[in-house]
Amino acid sequence: MLLEVSGIEKRFSGVQAVAGVSFSVAQGEILGVIGPNGSGKSTLFNCILGQLRPDAGRVRLEGSDVTGLAPVRLARAGIGRTFQMLQVFGRLSVRQNLLLAGQEHRGTRLGRLLAAPDCGLGGRAEELMGFFRLGPLADAPAASLSYGQQKLLDLAMALMPEPRLVLLDEPAGGVNLTMLREMGELLVRWNRERGTTFVVIEHNMDFILRHTSRVVVLAQGRIIADGAPEAVRRDATVIEAYLGG
Amino acid sequence: MMLRALLVAAGLAVLVLLPLGLKSYGIYLLSLWALNTVAAMGLNLTVGQAGQVSLAQAAFVAIGAYTAALLAPLGLGFWLALPLAVGVAFAVGLVVGFPALRVQHHHLAFVTLGFNALVILVLRNEEWLTGGTYGISGIERPDILGFSTFGALPFYYLCLGVLGAASLAMWWLLRSPWGRAFAGLRDNPLRAASLGVDVRAYTLLAFAIGSAYGGLSGAFLGPLVEYVDPTPFGLETSLALLLMVVVGGAGSFWGPFLGAALVTLLPEWLRVAEGFYLMLYALLVMVLMILCPSGLMGVLERLAGRLRRAS
Amino acid sequence: MDQFLQLLVAGLATGAVYALAAMGFTLLWQTAGTINFAQGEFVMLPAFLMLGWMSLGGLEPWPAFALTVLCSLLLLGLAFKRALADPLMRHDVLTMVIATIALGLFLKESVKELWSNEAQPFPDLLPVGSLQLGGVVLSLRDIVVFLAAAGLALGLQLFLARTRTGRSMQAVAQNREVARIVGIDVPRMVLLTFLVNALLVSVAALLVTPVYLAKFDLGESLGLMAFIAAIVGGFNQTRGALVGGLLVGLLDNFSAAYLSAAYRNAFPLLLLVVIILLRPQGLLGRAEERQV
């Protein structure tokens, strides 16, 4: 297993946000995590990604314990992520954004001071810009891109250091339908061609059912379903959690 | 790009030719401007790039000045004492920065303020080493390849050379992967960390490199005035250096050149006010902060933008 | 043993005065989002206002003090807020840091140029003399200063915790947006904070100046000690400022007597560094969740 999450619990001043969640992610999967608002998705994500320290439970990446590791260490260990809110470096150009995303993952810091300005990552940046159709915008400041393009750049940045696993936090938020479909297709294509594993948190059911290979459903801090998208769609508990909640 | 290169060349020509028409006091002011610009440029890295408020730059200038003044007569000579002065400022920057950067923003301002006070305390109290309040006098101006820089004009050209070298190094640093990391942690530290950028390490480095620039400036400040004492390195100077950065526009490459010119010359213009000079100065600073907090570079950029749109 | 007790009392007295300045400083930051680097000079100015009322106005000490408090409320409370803090609120912390340092410089230089650069004797409104306690001679003044400052500090603490207005101020400090939604008059609370700070520094001036004499640079080390007290105690807690103030005062007095008088200001700095390394949120501060 690439990622194993076991028994995660997190409580905020009396409220049990996550109540013992366990699941695992196999190499090459696209796993969707869905759940109604307040089901503990974001808290779970933050516990996995080192933003919050879980009260109990373990996170293992290829068998080694990475629970509570600082975000910068997780990134170095090969876990990439995007945020719910857009997070690109607005004043840097698209190319600079990508170079920065990749540069800390190779060589030493002192070596980077003396290295060529692109750290030998120019080719990789071109490739990602090509894949995400950002090529013509290479030298434009990231802040000048459209919202959808910034979302693609955000995703490309997470992929820049060749991570083994990328966690996407609500990638569909605020994106129009056409762009959403394009993003989903690019995601699936990248997964098929490069084998990168993805975990996607989303409350857009359509996006999850269309683009993932397995779905975990959370409600009230617990997992209530885990299976193929089609099976989850017909699951009575899931329907109840969404409609009866 | 062409225009910028032309502007830099023209500016350089002015700086080379200007002192030929000035008396020695004017040349002294120009030299002071060049050294202030170096110190402000370093602080600009800390403040403008790494986003940290430091009130200790004067302390690092002091460390550079005293280290060079103490080591040069020990048979090392100025040119061996110089890298040591810069190195000591860098190392002290790392040591001070380490605890200081555990806290952010306004807290850092206090910690650095406290550090500046501590440095002054040591300079005043350790008479055996620093000469106490009287300081160290008779600091010699160095020779370059056998040429003396004793005169006002040769020493000015030396200061200009130091400014040129420091600017080139800064330009190169900002274009390097480190510069990109600095820009990233200022723009969005949360995202930078998630991409594996060690925000703390880079902030610390920015702080220490900024301190080293302070040390470099100080090493030449001693020979410029030919003595050092604790007085010019107090909080007022740290404020003045911070002011140079902010007036020029924090984070802007050419900002410190402009800011240092204004803050270095201001006392000369306010000289008519005599004893009331500092009152007037403080008042001006407050008005400036209220009216154009983004600095003069910000105002110039806005004007340029308006002109471009108009044409 | 005698000396120890005397130092203890003296330390508590200075510490309680630091605490007053530190509490005002913390309140300003929390409730009004204003960082005041001129806080030390804010303590120095009322001392000279009072001297002014006495020598130029020919007033007795107590009426002079009453007028001083009034002037402080107007100048250091209202005018400071309207003329400097409000316009700077729109900008970042850096501009506020620079502007308030400049304000401190302005106050210092004004007093130096317009009044005197020499230390001025200051009237003692409090009982001078000594107190015999079981063979130990203690300074009566230190005891009274401590009681007065600590009393005011505790009074403020009670005001913040128990009264409706005090709790509203705390609510504004914690979350301005929420406070506004639940119907608290936020601008009024912010103004009140500036006034409370002006009152605190006036009392601090009255208590501290007879010991240190009135001099234009009185605020330099006092301001620094107040900052340190605020951070050591915990920047998001007025209670912390109280504890931090007492701690810094004790450290200041004991280290000056037993370790080195020349470096008396250095020991509180050392304490600051230790606290930052071991407990960056301060002794009583709440830790914030990790950001990066």
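This is a predicted model, so every value here is computed, not measured. (Residues numbered from 1 in each chain as written. Chains lettered and ligands numbered in written order. Predicted model: local features only at pLDDT ≥ 70, side-chain atom pairs only at ≥ 80, totals over all residues.)

## Remarks on the overall build of chain A
Here is step 1: Summing up its helical and strand segments, chain A has 10 helices and 10 strands in all.
Here is step 2: Computed over its C-alpha atoms, the radius of gyration of chain A comes to 18 Å, within 12% of the 18 Å expected for a compact globule of 245 residues.
Here is step 3: In terms of overall dimensions, chain A has C-alpha extents of about 55 × 40 × 35 Å along its principal axes.
Here is step 4: Per-residue burial for chain A yields a buried fraction of 44% across its 245 residues.
Here is step 5: For chain A, the proportion of contacts with a sequence separation of at least 24, taken over those separated by at least 6, is 65%. (Helix = DSSP H or I, 4+ residues; strand = E, 2+ residues; numbered from the N terminus. Rg over C-alpha atoms; globule rule 2.2 N^0.38 Å. Buried ≥ 20, exposed ≤ 12 C-beta atoms within 10 Å, placed from the backbone. Contact = placed C-beta atoms within 7 Å.)

## Describing the sheet that holds strand E9 (residues 214–219) of chain A
All names here are of chain A.
Here is step 1: The 6 strands lie next to each other as E6-E7-E8-E3-E9-E10, forming an open sheet whose pairing is mixed. Here the strands that pair on one side only, and so sit at the sheet edges, are strand E6 (79–81) and strand E10 (222–227). Put simply, the sheet's adjacent strands are angled 20 degrees from each other on average, direction ignored.
Here is step 2: As judged from the 5 bridges shared by E9 and E10, these two strands associate in the antiparallel manner. (Pairing = 2+ DSSP bridges. Axes fitted to C-alpha atoms, helices over the stretch in contact; angles between N-to-C directions.)

## Examining the interface of chain B and chain A
Here is step 1: Of the residues lining the interface, 20 residues belong to chain B; the matching set on chain A comes to 26 residues.
Here is step 2: Listing elements by their share of the side of chain B that touches chain A, those giving two or more residues are helix H8 (177–187), helix H9 (189–194) and helix H10 (199–225) of chain B.
Here is step 3: In terms of residue count, H8(B) provides more of the side of chain B that touches chain A than any other element does, 7 residues in total.
Here is step 4: Among the residues forming the side of chain B that touches chain A, the class breakdown is 10 nonpolar, 5 polar and 5 charged. (Nonpolar A, V, L, I, M, F, W, Y, C, P; charged D, E, K, R; others polar.)

## Some details on the interface of chain C and chain B
Here is step 1: In this complex, chain C contributes 36 residues to the contact, which on the side of chain B involves 38 residues.
Here is step 2: Sort the elements by how many residues they give to the side of chain C that touches chain B and helix H4 (residues 93–114) of chain C lands first, with 14 residues.
Here is step 3: Broken down by class, the residue content of the side of chain C that touches chain B amounts to 29 nonpolar, 5 polar and 2 charged.

## Examining the packing of helix H11 (residues 235–248) of chain B against H4(C)
Here is step 1: Taken N-terminus to C-terminus, the directions of H11(B) and H4(C) make an angle of 140 degrees; their axes are 11 Å apart at the nearest point. The orientation of H11(B) relative to H4(C) falls into the category oblique. Relative to H4(C), the crossing made by H11(B) is left-handed. Counted together, Glu236(B), Leu239(B), Leu242(B), Leu243(B) and Val246(B) of H11(B) and Leu94(C), Thr95(C), Ile98(C), Ile101(C) and Leu105(C) of H4(C) form the full contact between these two elements.
Here is step 2: The residue makeup of the contact of H11(B) with H4(C), split by class, is 8 nonpolar, 1 polar and 1 charged. (Parallel < 35°, antiparallel > 145°, perpendicular 65-115°, else oblique. Left-handed = near helix turned anticlockwise from the far one by under 90°.)

## As for the environment of Leu107(C)
Residues and elements named next belong to chain C.
Here is step 1: Along the chain, the position of Leu 107 falls in helix H4.
Here is step 2: Given 23 C-beta atoms within a 10 Å radius, Leu 107 is considered buried.
Here is step 3: The spatial distance from the C-alpha of Leu 107 to the C-alpha of Thr 14 is 23 Å, given a sequence separation of 93 residues.
Here is step 4: Not counting residues up to four positions away in its chain, the partners in contact with Leu 107 are Ala 38, Glu 41, Met 44 and Leu 45.

## Comments concerning the nonpolar core
Residue and element names in this part refer to chain C.
Here is step 1: Core analysis: the biggest nonpolar cluster contains 284 residues, and Ala 16, Ala 19 and Ile 98 have the highest contact counts within it.
Here is step 2: The biggest single contributor to this core is helix H1 (residues 2–32), with 16 residues.
Here is step 3: Setting aside residues up to four positions removed in sequence, Ala 16 forms contacts with Val 145, Phe 146, Ala 149, Ala 150, Ala 153, Gly 245, Leu 246 and Gly 249. (Core = buried A, V, L, I, M, F, W, Y, C linked by C-beta atoms within 7 Å.)

## A word on the sheet that holds strand E4 (residues 56–61) of chain A
All names here are of chain A.
Here is step 1: Spatially, E2-E1-E4-E5 is the arrangement adopted by the 4 strands of the open sheet, whose pairing is antiparallel. What marks the edges here is a single partner per strand, and that holds for strand E2 (15–25) and strand E5 (64–65).
Here is step 2: Where strand E1 (residues 3–12) lies against E4, 5 bridges are found, and the strand directions are antiparallel. For Val 5, the partnering residue across the bridge sits in E4 and is Val 59.

## Some remarks on the pairing of strand E3 (residues 30–34) of chain A
All names here are of chain A.
Here is step 1: Burial within E3 is extensive, with 5 of its 5 residues counted as buried.
Here is step 2: Residues of E3 alternate between two faces, with Ile 30, Gly 32 and Ile 34 on one and Leu 31 and Val 33 on the opposite face, all of them buried.
Here is step 3: Summarising the sheet, E3 and strand E8 (residues 197–201) pair through 4 bridges and their orientation is parallel. The residue of E8 that forms the bridge with Gly 32 is Val 200.

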